[in-house]
Each structure stands twice: as structure tokens, then as C-alpha cells.
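Listed here are the chains, written in short residue letters.
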Amino acid sequence: MFTRGIIMKRRKQKIIDKQFQLKLTFSIIGIVFTIIGLIITIIGTNFLFNNQKLIKVVEKQKEIIITQDNIVKSILLYSFNNKKEFKKDPAYNKITNDHKTSITEMDSNIVKLEKIINANNIVLIYAIVLFIILIIILYFSLIASTHTISGPIQVMSKYIQEIIDGKFPIIRPLRKRDNLNEFYDLFTKMVKTLSERYNNDDQTDIKK
């Protein structure tokens with residue numbers, strides 16, 4: 001009962017065979033990390049490269065707006081100074097309105113480009129965060145999965161040690177989520193057969 005209590009206590013631990021569980025877990029995580037990391041690196045590099053191009057476009061657009069605004073204002077000022085009635089001319093209003101519309105559209109385009117740049121940065125950050133979360137989830141999932149293998153192996157190892165010490169343990173069933181069920185059943189039959197043979201031999205010796 002004491003031995004069985006020790007086994008049950010250790011079975012509650014998720015990592016009971018570090019060499020097997022951690023080696024397999026980190027091997028799989030390493031493969032996943034390499035593949036997904038490579039994908040994120042390619043996507044991230046592309047995002048950063050495009051963002052740099054968009055930033056240059058925004059800066060150039062702002063310079064164009066300032067230049068165009070100065071040119072139009074200079075033309076209007078020159079025309080107004082050389083023709084007192086020019087401000088009343090419909091052409092003046094048309095030029096002024098077209099200029100304002102053009103500036104407004106360019107400002108709107110700049111805002112859109114800046115939103116695209118921010119969106120790209122946010123997507124990249126989310127991708128990195130999700131990647132980290134995926135690795136964490138994968139780690140605990142693999143530890144739990146390998147536990148269903150290393151658990152039965154540990155139990156059988158304890159039983160084998162008891163047999164070596166000259167004791168025949170009471171075999172308990174595996175948990176529902178454990179693996180190696182067929183092998184464990186075969187192991188149970190072996191222990192039962194050895195126990196029966198041992199008892200029969202003892203009975204024979206007593207009769208003699």
C-alpha cells in the first residue's frame with residue numbers, strides 16, 4: 001500500500017521522466033519554432049520593408065503638398081496684385097476650390113497610408129504574441145501527452161523492481177487517458193503468470 005501510494009503521488013506529477021518527456025517535447029517545439037519562426041520572419045521582413053516604402057511615400061507626399069500649396073498661393077497672390085478685379089473672376093474661385101480639394105485629398109491619402117503602416121505593425125506584433133502563446137500551449141500539451149506514456153512506464157518499472165525484490169505487486173489498472181494499454185495488459189498477464197508459478201512452486205516444496 002505504501003509503494004502504491006508513492007506511485008500514485010508521483011503519477012500526479014506531469015514531468016516524471018525528464019529525459020524522455022523534455023527531449024521529445026523540445027524536439028517537437030524546435031521543429032514548430034523553426035517552421036513558424038521562418039514564416040513570421042519572412043512576413044515580418046516584408047511588412048517592415050513595405051512600411052519603410054510607405055513612410056517614404058508619406059514624407060514625399062507631405063513635401064509635395066507644401067510645395068504645391070506654396071506655388072498656388074504665389075500664383076494667386078501675383079495675379080491678384082497685377083489685377084485688382086481678379087478675385088472676382090470665376091477662375092480665381094475655381095483655382096482656389098480645386099486647390100483646397102486637392103490638398104484635402106492628399107491629406108486623406110496620407111492618413112490612409114499611416115493607418116496601413118500602423119495596421120502592419122499591429123499585425124506583426126499580434127503574430128509574434130500568438131507565436132509565443134502557441135509555443136507555451138504546445139509545451140504543456142506535449143508534456144501532458146508524454147505523461148500518458150511515461151506514466152505507465154514508470155508504474156511498470158516500479159512493479160518490476162518489486163518483483164526483483166521478491167515481491168509480487170497488486171497490479172492496478174491504468175487511467176483512462178493513459179497509453180500503452182495493450183502492452184500494460186500483457187505485462188499484467190506476465191506478472192499474474194509468474195505469481196501463479198511462484199505459488200505453485202511453493203506448494204510443491206511444502207508437499208515434499
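The structure contained in this document is the topic of the report that follows. Every chain is numbered independently, its residues counted from 1 as its sequence is written. Totals for whole chains, interfaces and linings use every residue, but because this is a predicted model, local features are given only for residues with pLDDT of at least 70 and side-chain atom pairs only at 80 or more, for both listing and counting. The basis for every side-chain value is the complete set of non-hydrogen atoms in the structure, without hydrogens or water.

## So, the packing of aromatic side chains
At step 1: Each pair of aromatic rings taken from Phe, Tyr and Trp, with Trp reduced to its six-membered ring, is defined by centres within 6.5 Å and is described as stacked if the planes are under 30 degrees apart, edge-to-face if over 60, and tilted in the remaining cases. With the rule as written, the count across this model stands at five aromatic pairs.
At step 2: Ring centres of F33 and F131 lie 5.1 Å apart, and the angle between their planes is 40 degrees; this geometry places the pair in the tilted category. Here F33, found in helix α2 (residues 18-82), pairs with F131, found in helix α3 (residues 90-164); they are 98 residues apart in sequence, far enough to count as distant.
At step 3: Geometrically, the ring pair formed by Y159 and F187 is stacked, given 6.4 Å between the ring centres and 10 degrees between the ring planes. Separated by 28 residues along the polypeptide, Y159 in helix α3 and F187 in helix α4 (residues 181-207) bring together distant segments of the chain. Both residues of the pair, Y159 and F187, belong to the buried class. Where helices and strands are cited, they refer to DSSP runs of H or I of at least four residues and of E of at least two residues respectively, numbered from the N terminus. Partly exposed describes any residue whose relative accessible area lies between the buried limit of under 20% and the exposed limit of over 50%, with all areas from a 1.4 Å probe on protein chains only and scaled to the type maximum.

## Structural notes on the side chain of T146
At step 1: Residue position: T146 is located in helix α3.
At step 2: Judged by relative accessible area, T146 falls into the buried class, the value being 3%.
At step 3: Throughout, a contact is declared for two residues whenever any of their heavy atoms are within 4.5 Å. Discounting residues that sit within four places of it in the chain, T146 has contacts with F20, Q21, L24 and T25.

## Section: the pattern of salt bridges
At step 1: Criterion for a salt bridge: a side-chain nitrogen of Lys or Arg within 4 Å of a carboxyl oxygen of Asp or Glu. Under the counting rule described, the total for this entry stands at two salt bridges.
At step 2: Between E114 and K62 there is a salt bridge, with the nearest N and O atoms lying 3.6 Å from each other. Highlighted residues: E114 in helix α3 and K62 in helix α2, separated in sequence by 52 residues.
At step 3: Look at E114 and you get partly exposed, because its relative accessible area is 31%.
At step 4: R175 is paired through a salt bridge with D178; the nearest N and O atoms lie 3.1 Å apart.
At step 5: For R175, a relative accessible area of 22% corresponds to the partly exposed category.

No statement about biological role is implied by the geometric values presented.
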